[in-house]
Amino acid sequence: MSAAADAPVVVGVSGTEQSLPVVRLAAREAAEHGRRLHVVHAFNWEAALAAPSLAGARSEAERAIDRAVEVAGEVAPDLPVEAQVVEGAAVAALLRHSESAFLVVVGDGGMTARDCVTTEAAAVQVAARAGCPTLVARLDPPPDGPVLVGLDGSATSRFALDFALDCAGRHDGRLRAVRVIEPDDDATRPGQDVTDLLTERRRAHPTVAAEPEVLRGDPGQVLIDQSRTARLVVVGTRGDQPWRGLLGAVSQSLLYHAPAPVVLVRGVTDAPLEAS
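Predicted, not measured: the structure shown is a model, and the values here were computed from it. (Residues numbered from 1 in each chain as written. Predicted model: local features only at pLDDT ≥ 70, side-chain atom pairs only at ≥ 80, totals over all residues. Heavy atoms only, no water.)

1. Side note on the overall build of the protein chain
For clarity, the threshold we go by: Helix and strand labels come from DSSP, where a helix needs a run of H or I of at least four residues and a strand needs a run of E of at least two; each type is numbered from the N terminus. With a 1.4 Å probe rolled over the protein chains alone, any residue whose accessible area is under 20% of its type maximum counts as buried; one over 50% counts as exposed, and the rest are partly exposed. For this analysis, residues touch if any pair of their heavy atoms sits within 4.5 Å. We get accessible surface area from the Shrake-Rupley algorithm with a probe of 1.4 Å; when it comes to residues, only the shown protein chains can shield them.
Scanning the protein chain for helices and strands turns up nine helices and 10 strands. When the 276 residues of the protein chain are sorted by exposure, 50% land in the buried category. Within the protein chain, contacts between residues at least 6 apart in sequence are counted, and of these 78% link residues at least 24 apart. For the protein chain, the computed accessible surface area is about 12800 Å², with 50% contributed by carbon and sulfur atoms.

2. Quick look at the nonpolar core
Note the following rule: Take the buried residues of types Ala, Val, Leu, Ile, Met, Phe, Trp, Tyr and Cys, join any two whose side-chain atoms come within 4.5 Å, and each joined set is a nonpolar core. Where each domain starts and ends follows an automatic or database-derived domain assignment.
Core analysis: the largest hydrophobic core is formed by 48 residues, its most contacted members being Leu-37, Val-149, Leu-175 and Val-234. Top element by residues in this core is helix H6 (residues 155-170). It accounts for eight residues. Here this core spans two domains, and each of domain 1 (9-137) and domain 2 (147-265) adds at least three residues to it. Counting residues in each nonpolar core, the second largest holds 38 residues, with Val-86, Val-104, Val-178 and Leu-264 among its members.

3. As for the sheet that holds strand E8 (residues 209-216)
What counts is decided by this rule: What makes two strands pair is DSSP finding at least two bridges between them. Helix axes are fitted to C-alpha atoms over the stretch in contact, other axes to C-alpha atoms as well, and angles between N-to-C directions run from 0 to 180 degrees.
As summarised here, the arrangement of the 10 strands in space is E3-E2-E1-E4-E5-E10-E9-E6-E7-E8, forming an open sheet in which the pairing is mixed. Two strands lie at the open edges of the sheet, namely strand E3 (81-87) and E8, each paired on one side alone. Between one strand and the next, the sheet's axes are offset by a mean angle of 20°, whatever the strand orientation. Lying on the sheet, helix H9 (residues 249-257) is in contact with strand E5 (134-137), strand E9 (232-236) and strand E10 (262-265); it crosses E9 at an angle near 155°.

4. Focus: the environment of Arg-201
Along the polypeptide, Arg-201 turns up in helix H7 (residues 188-201). For the pair Arg-201 and Phe-159, spaced 42 residues apart in the sequence, the C-alpha separation amounts to 9.6 Å.

Given below as structure tokens:
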């Protein structure tokens, strides 16, 4: 599960001010990973035809793109940025671009403030179906904390750990690797598993200060609570339940409720994972 060396960070933008924090986060991630940024705006023909002026609607789309490029330049002046207005639905456009992207970044649409979120929400659909990791941004900036990664022993979570280690190594070198177990379970074996896995995967990231932890409770709720002091949360998802939008229970909980930005790594089977 590795992206091409020239694969960009793709970010979807609308014409609203709520897109700008998403662009800022995408620009920071692209700059830290040494990737170019590809800004995508989906042009809605149905809405445009209902507008007083078709030319005016197209001009608004161009202004949205120009503003996003401007904001990205404020975050990282030397960042290569390309922008594109595409026709069609936003989710479909982002899914197409995700097939050749390093990371796709979307806003959460304010879902953390809602009691009920439909699986048809754009962030849910992209996270569940993208061909690369998905970063779901929040409106409020996160604290300057460590990268938090949730582990469950699966190959998918190991790929999430690799992604999290890379993020931490390119930022401030701090990582928390958390395994959540049932309240009555013995923590000895899970704790050793997390320590061994970190020792193995940190070989490619020797400068990262990784802190292994085993916590007890409901995995989704524990990771949501721990995310309050994280700058970024990374979790693997291997859900196969259609009613969860093809997201697992833990990744869905984090997507809906974690206050920090969440990276969801999916599309990996539980095949043996080669050592770095």
